[in-house]
Structures are given as structure tokens and as C-alpha cells.
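Understanding the architecture of this molecule
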Amino acid sequence: MTPVTESRRPARRAPGPDAPRGGPDHGAWFLVLPALVPILVLSVGPLLYGVLLAFTDAQSGRTEPTRWIGALNFQDLLHDTLFWESFRIGLVWAVGVTVPQFLLALGLALLLNQNLRLRWLARALAIIPWAMPEVVVGIMWRLVYNADAGILNETLRDLGLGDGHDWLSGLGTALPAVVVVGVWAGLPQTTVALLAGLQNTPRELHEAAAVDGAGAWRRFCTVTWPALRPVALAITALNVIWNFNSFALVYVLTNGGPGGRTRLPMLFAYEEAFRYGQFGYAAAMGCVMVAVISILLAVFLAGRLRGGDKGGDGA
Amino acid sequence: MRTSKGARAGQYAALLAYLVFLAFPFLWLISVAFKPPRELAGLHPTWIPENPTLDNFRQAFDEQPLLHAGLNSLVAALGAAVIAVLVATPAAYVMARRRGRFAKAATGWVVVSQAFPFVLLIIPLFLVLKNLGLINSVAGLVMVYVVWSLPFALWMLAGYVRAVPRELEEAAAVDGAGPLRTLVSVTAPLLAPGIVATALFAFVTAWNEFFFALVLLKTPEKQTLPVVLTHFIGAEGVADLGPLAAAAFLATLPSLVVFALVQRRITGGMLAGAVKS
């Protein structure tokens with residue numbers, strides 16, 4: 001034992017102020033640095049820079065120096081009806097995608113948790129939407145929705161349900177059509193998260209409940225759901241954020257059209273920044289988007305969590 | 001627990017509906033990719049092409065620089081995957097093994113970064129990269145992809161590190177190995193499957209990425225596959241469906257293959273062996 005102890009370097013013994021148990025800290029910093037530097041330079045830094053830009057009149061390709069203009073961008077934004085219309089569409093899209101996505105994913109996860117044949121096939125097929133480039137997902141559904149050569153209209157014609165529509169360019173159908181694609185594209189991630197949550201539910205409780213004569217619905221409410229709740233909340237919150245920030249799908253499907261009916265806030269800000277070169281104004285949009293989504297999520301999560309306590313499920 | 005026959009039938013019907021919903025768009029993409037123009041123009045399209053052809057693929061390569069774009073995508077995705085893993089593994093190790101301020105901050109950042117607003121990030125990033133002369137360059141894109149895939153890589157790798165028994169590392173420390181030495185010669189070999197899985201995920205993410213590539217790459221000879229694919233769609237949204245489908249199908253194959261590999265990989269095996277012996 002003695003020679004081994006002696007071979008330790010002295011640094012190992014000295015516990016720094018926040019030194020964790022065991023191990024020197026200088027070594028740890030050296031290990032962390034390669035990840036920390038790029039994160040600071042290309043992620044944290046730009047984020048702060050972006051917030052500052054929102055208070056300037058920065059434009060692309062301008063020769064005069066950029067000036068501070070205070071909250072002018074935000075004042076303009078407040079009266080920008082086009083932006084708020086786009087924001088409204090973004091919220092409709094985010095909720096319209098997230099809710100059906102959650103319900104469908106919950107159904108699929110419950111099925112996959114059963115001992116069914118063809119389960120492997122469902123798992124294999126679920127890879128398709130998940131692994132595919134979003135651009136290809138968009139292209140693929142354009143082919144499905146295509147007015148003449150699309151399979152959707154052909155199927156409707158075969159079933160005698162009318163002549164079909166020009167789904168993506170119809171004023172009324174464009175947003176619902178795009179929402180369906182959003183649901184399809186995000187289904188696997190949500191299913192996998194929920195399935196992982198399901199596999200953590202205590203089996204014995206299930207069996208005990210079944211012995212006591214509880215039906216499937218009761219078992220779900222009293223055993224499965226309390227255990228699944230935390231996962232369900234987390235994935236729903238993430239889905240709302242991801243969907244609200246979604247860009248590529250709609251860019252390829254409709255590019256915001258027809259007449260702005262599917263112009264998500266991300267598309268709006270992208271055009272403002274990189275087509276019209278209004279960097280400062282677009283950055284202000286970004287700030288507003290983040291702020292509003294953060295507040296909505298905080299309210300949603302706070303409400304849900306409190307509800308859980310009241311229910312007394314011990315979640 | 002027994003399930004009644006009626007319920008079972010219902011379950012199978014539901015599962016079948018899911019299978020159809022998940023699979024049909026992709027099957028339709030394949031169908032269109034192999035159809036000759038005449039079948040695409042006519043009414044009443046069929047699931048199975050009557051006269052399957054490879055012309056769409058030939059035409060797709062003629063219309064757009066697909067090969068070159070594929071190469072750009074490959075460089076960007078490989079670069080991002082390798083660098084992300086090299087940079088993330090040591091940090092994930094610290095994250096998993098220490099309880100200090102860094103571990104907390106890192107975990108917090110991983111969570112917050114999931115909510116990163118790309119709009120807010122892309123404009124300053126564009127300006128920063130422009131000042132560095134890294135606009136319209138695959139190298140600049142790789143840097144962005146590395147940072148972008150870091151949260152996920154850190155989170156995944158930290159999980160794999162936690163699965164490596166501490167006793168092994170403590171034994172190495174007792175033998176006088178420093179943290180770097182311990183990481184390289186004891187932990188990293190056991191992490192190999194996890195590192196490969198993380199790299200493959202980072203690869204697929206970068207291969208599929210569109211938004212950053214669209215903003216940062218300006219000229220066609222620098223652009224990656226997803227950006228070039230959108231060139232098949234004309235200004236008025238009119239597209240030559242056959243070549244579009246063919247190119248989209250080809251661009252998806254690498255993602256599907258790599259992703260299938262990660263999904264099937266079994267992680268436990270190597271670890272179990274190490275603990276037993």
C-alpha cells in the first residue's frame with residue numbers, strides 16, 4: 001500500500017474550493033477547454049452579440065457605421081402587423097403539430113410496448129422520418145400533395161371523394177397540409193422518448209392493478225400516466241420549442257405561401273435578415289420570439305407541475 | 001395480463017394504420033423516382049411504375065452538380081463528426097465524473113441550447129464568420145456544425161462515461177495515472193462503442209442540416225446536398241418531379257444506412273466483459 005500512496009502526486013491531495021471528490025482540478029480544466037472555447041466563441045458569444053444587434057440599425061452591405069438606436073426596432077416591431085400575423089401562424093403551427101404528435105406518439109408507444117408481431121417493422125419504419133433530411137421530407141410530401149401526379153388526390157378520386165385539391169397552394173388547405181407533414185416528421189422522436197418512459201413504469205404495479213380488476217383505461221390513468229408524466233412534459237415542451245423554430249420543412253413545402261398563410265416566424269426573420277439585409281430588425285424579432293416562447297412555456301410547465309402536486313399521484 | 005381477442009385485433013389494426021402512415025410517403029418518393037415523364041404527366045398515377053426507368057437519375061445528375069454537392073456534404077459531415085467527438089469526449093468525461101461548477105454549468109447549457117433560437121444565432125454567426133473570412137466555405141460550416149452538435153454529443157457521451165465503472169479508473173489512479181492518461185488508456189477504449197454512436201449521430205445531423213448551409217454557403221460549388229436539392233424546385237414552385245424525386249432518394253440513402261447502424265448497435269456487451277474479468 002505505502003509505495004502506491006507515495007506515487008500519487010501531491011496535487012491530488014489538495015482539495016480546491018470547489019474541488020470535487022477525488023482528482024485534481026487543473027487536469028479537468030485542460031480536458032474541458034477544447035469544448036469550452038468553441039462553445040464560447042460560436043454559441044454563447046454570438047447569442048449575446050445577437051441580443052445587442054437588436055438594439056442597433058445593423059444592415060447588410062452598408063458602409064456607414066452601425067449605430068445604437070435603443071428600443072426603436074422593438075417599437076417598430078410592435079406595430080408590424082405582418083410580423084404578428086406570422087407569429088400567430090407560428091403558434092398555430094407549433095400547437096397544431098405538437099398536440100397531435102403527442103397523441104399519435106403515445107398511441108404508437110403503447111402499441112410498441114405490447115407484445116405484438118410486426119413490432120420490429122414499426123421500429124424500422126420509424127427510422128425513415130427521423131433519419132431523413134428535412135429537405136427530403138418536404139420534397140417527398142410535395143410529391144404526395146401534388147395536384148395531378150400526387151397520390152393523395154389519386155386516392156381521393158379512387159374513393160370517390162371528389163376531384164382533390166391543390167393542397168399546398170390553396171389558401172385554406174396550405175397550413176393544415178403543412179401541419180400534417182410536421183406531425184409525420186416528428187413522430188419517431190416523440191414515440192421513442194415516450195417508449196423509454198413506458199419501459200420505466202413499474203411492471204408489478206400493472207399486474208397488481210390487473211389482479212384487482214382494473215380495466216385498461218384505469219390502469220393507464222392510475223399506473224402508466226403518473227410514471228410517464230415527467231417524460232411527457234419534457235418532450236412536449238421540447239417539441240413546442242423545436243416546432244416553433246422549424247424552418248426547412250415549410251421552406252421547401254410552400255416557402256411561406258400562399259399569400260403568407262404558412263409564413264412561420266423563422267421564415268419571416270430569415271427573409272428580413274438575408275433577403276432584405278435588415279440584421280438589427282431581424283435580431284429584434286429573434287429576441288421577441290425567444291421571450292414569448294419562454295414565457296408561454298414557463299406558464300405551461302408551472303401549471304402542469306402544480307397540477308401534478310394537487311393530484312397527489314406522487315409523481 | 002391477458003388481452004381479449006377483440007382488443008388484440010384492434011391493436012393490430014392500429015399498428016397497421018401507423019405502418020401505412022409512416023411508410024407511404026417514402027414509397028411514393030421511390031415510385032416517382034423510377035417513373036418516366038409520360039407517366040408523371042398523365043392523370044391517374046399508379047403506385048408501381050408501368051415502365052420503370054433510370055432516366056430520372058441520369059437527368060438529375062445532368063441538371064445539378066449532385067456529385068460535387070455530395071462530396072461537400074461528406075466533408076462537412078465527416079469533419080463535424082470527428083471533431084465533435086474529439087472535443088466532446090474529454091469534456092463529457094469531466095461532466096460525468098465531477099460534481100463541480102463546470103458539470104452543473106455544462107448540464108444547464110445542454111438543456112438551454114435545445115431551446116436555442118436559430119434566428120438569434122444565425123445573424124451574429126454570419127457576421128463573425130464573415131469577419132473571419134469563413135463565409136462560403138465548408139470549413140466555416142464544419143465549425144458551426146461542431147458547436148451545434150456539441151450539446152447532444154456531450155449529453156450522450158456523459159451517459160456512456162457514467163456506465164463505465166469507477167473502480168477501473170480508481171485502479172488506474174492508484175497506479176499513478178493522471179486524468180488524461182486515465183481517460184486515454186482506461187476509459188476511452190471502453191467508450192469506443194459510445195463514441196462511434198455519437199459520431200454517427202453527429203454525421204447524420206450534419207448531413208441533413210439545411211438552415212445554416214443555406215445562409216452560409218453562397219456559390220453552387222460550395223453548397224451541400226440539401227441546399228442543392230432545393231434548386232430542383234423553380235422560382236414559381238414548379239419542379240421536374242422525376243429528377244427531383246431521384247435526387248432526394250439518393251441524398252437520403254446515407255442517412256438511412258448510418259442511422260440504421262446506430263439504432264441496431266448494442267452498447268452493453270463490451271462493458272459487461274470489462275466488469276466480469
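Calculation rules
- Residues numbered from 1 in each chain as written.
- Chains lettered and ligands numbered in written order.
- Predicted model: local features only at pLDDT ≥ 70, side-chain atom pairs only at ≥ 80, totals over all residues.
- Helix = DSSP H or I, 4+ residues; strand = E, 2+ residues; numbered from the N terminus.
- Rg over C-alpha atoms; globule rule 2.2 N^0.38 Å.
- Buried ≥ 20, exposed ≤ 12 C-beta atoms within 10 Å, placed from the backbone.
- Contact = placed C-beta atoms within 7 Å.
- Domains from an automatic or database assignment.
- pLDDT = per-residue confidence, 0-100.
- Nonpolar A, V, L, I, M, F, W, Y, C, P; charged D, E, K, R; others polar.
- Axes fitted to C-alpha atoms, helices over the stretch in contact; angles between N-to-C directions.
- Parallel < 35°, antiparallel > 145°, perpendicular 65-115°, else oblique.
- Left-handed = near helix turned anticlockwise from the far one by under 90°.
- Core = buried A, V, L, I, M, F, W, Y, C linked by C-beta atoms within 7 Å.

**A few points about the overall build of chain B**
- Along its length, chain B carries 13 helices and 0 strands.
- Across chain B, helices and strands are ordered from the amino to the carboxyl terminus as α-α-α-α-α-α-α-α-α-α-α-α-α.
- Taken against the 2.2 N^0.38 rule, which gives 19 Å for 277 residues, the C-alpha radius of gyration of chain B at 24 Å runs more than 25% over that of a compact globule.
- When the backbone C-alpha atoms are referred to their principal axes, chain B occupies close to 75 × 65 × 30 Å.
- Out of the 277 residues in chain B, the part that is buried amounts to 45%.
- Sequence separation of 24 or more characterises 76% of the internal contacts of chain B that already satisfy a separation of 6 or more.

**Focus: the overall build of chain A**
- Of the regular secondary structure elements, chain A holds 13 helices and 0 strands.
- Taken from N to C terminus, the helices and strands of chain A fall in the order α-α-α-α-α-α-α-α-α-α-α-α-α.
- In chain A, of all internal contacts separated by at least 6 residues, the share reaching a separation of at least 24 is 67%.

**Re helix α7 (residues 151-158) of chain A**
- Listing the buried residues of α7(A) in full gives A:I151, A:L152 and A:N153.
- Structurally, α7(A) contributes buried residues whose contacts are with α6 (134-145) of chain A together with α1 (5-33) of chain B.
- Of the residues one or two after α7(A), A:G160 is the one with positive phi, at around 70 degrees.

**Here we look at the domain arrangement of chain B**
All names here are of chain B.
- Assigned domains of chain B: these are domain 1 (5-53) and domain 2 (59-276).
- Each of domain 1 and domain 2 has a C-alpha centre, and the two are 32 Å apart.
- Counting residues at the interface gives 7 residues for domain 1, matched by 6 residues for domain 2.
- Secondary-structure elements contributing two or more residues to the side of domain 1 that touches domain 2 are α1 and α2 (37-41).
- When residues of the side of domain 1 that touches domain 2 are assigned to their parent elements, the largest contribution, 4 residues, is made by α1.

**Re the confidence of the model for chain A**
- Taken as a whole, chain A shows an average pLDDT of 82; of its residues, 88% reach a score of 70 or greater.
- When the criterion is pLDDT under 50, residues 309-315 of chain A qualifies, and its contacts beyond four places in sequence or with other chains add up to 7 contacts.

**Brief notes about the interface of chain B and chain A**
- Across the boundary between the two partners, chain B contributes 70 residues, which contact 72 residues of chain A.
- Counting residues per element, the side of chain B that touches chain A draws most heavily on α1(B), at 13 residues.
- Its residues assigned to classes, the side of chain B that touches chain A shows 56 nonpolar, 11 polar and 3 charged.

**Some details on the packing of helix α4 (residues 81-112) of chain A against α1(B)**
- Where α4(A) meets α1(B), the closest approach of the two axes is 10 Å, and the angle between their N-to-C directions is 125 degrees. Overall, the two elements α4(A) and α1(B) adopt an arrangement that is oblique. The handedness of the crossing between α4(A) and α1(B) comes out as left-handed. Between α4(A) and α1(B), the contacting residues are A:G107, A:L108 and A:L111 on the first element and B:Q11, B:A14, B:L15 and B:Y18 on the second.
- Looking at the contact of α4(A) with α1(B) residue by residue, the class counts come to 5 nonpolar, 2 polar and no charged.

**So, the nonpolar core**
All names here are of chain B.
- One finds A80, A84, A88, L154 and A248 to be the most contacted residues of the largest nonpolar core, which totals 167 residues.
- Looking at which domains feed residues into this core, each of domain 1 (5-53) and domain 2 (59-276) gives three or more.
- With sequence-adjacent residues up to four places away left out, A80 is seen in contact with V142, Y145, V146, S149, A202 and A206.

**Some remarks on the packing of helix α5 (residues 119-131) of chain A against helix α8 (residues 174-198) of chain A**
All names here are of chain A.
- Packing of α5 against α8 leaves a shortest axis separation of 7 Å and a crossing angle of 120 degrees. It follows from the interaxial angle that α5 and α8 lie oblique. With respect to the hand of their crossing, α5 and α8 are arranged in left-handed fashion. Along its contact with α5, which presents A126, P129 and W130, the element α8 presents W184, A185, L187, P188, Q189 and T191.
- For the contact of α5 with α8, the class distribution of residues is 7 nonpolar, 2 polar and no charged.

**Things to note about unusual backbone geometry**
All names here are of chain A.
- With a phi angle near 70 degrees, L118 is a residue other than glycine that sits in the positive phi range.
- Looking at where L118 falls in the secondary structure, it is placed in the loop between α4 and α5.
- On the basis of neighbour count, L118 is assigned to the partly exposed category, with 14 C-beta atoms found within 10 Å.
- Of note in this structure, N255 is not a glycine but carries a positive phi near 55 degrees.
- Mapped onto the elements, N255 comes out in the loop between α11 (248-253) and α12 (265-274).
- With 18 C-beta atoms packed within 10 Å, N255 lands in the partly exposed category.

**Brief notes about the confidence of the model for chain B**
All names here are of chain B.
- Looking at chain B, the pLDDT average stands at 84 and 92% of residues meet or exceed 70.
- Taken element by element, chain B is modelled with least confidence in helix α13 (residues 268-276), mean pLDDT 33, and with most confidence in helix α10 (residues 211-216), mean pLDDT 94.
- Note that residues 266-277 has pLDDT below 50 and, in this model, 10 contacts with residues that lie over four places away or in other chains.
- Per the prediction output, this complex has pTM 0.85; the corresponding ipTM is 0.87.

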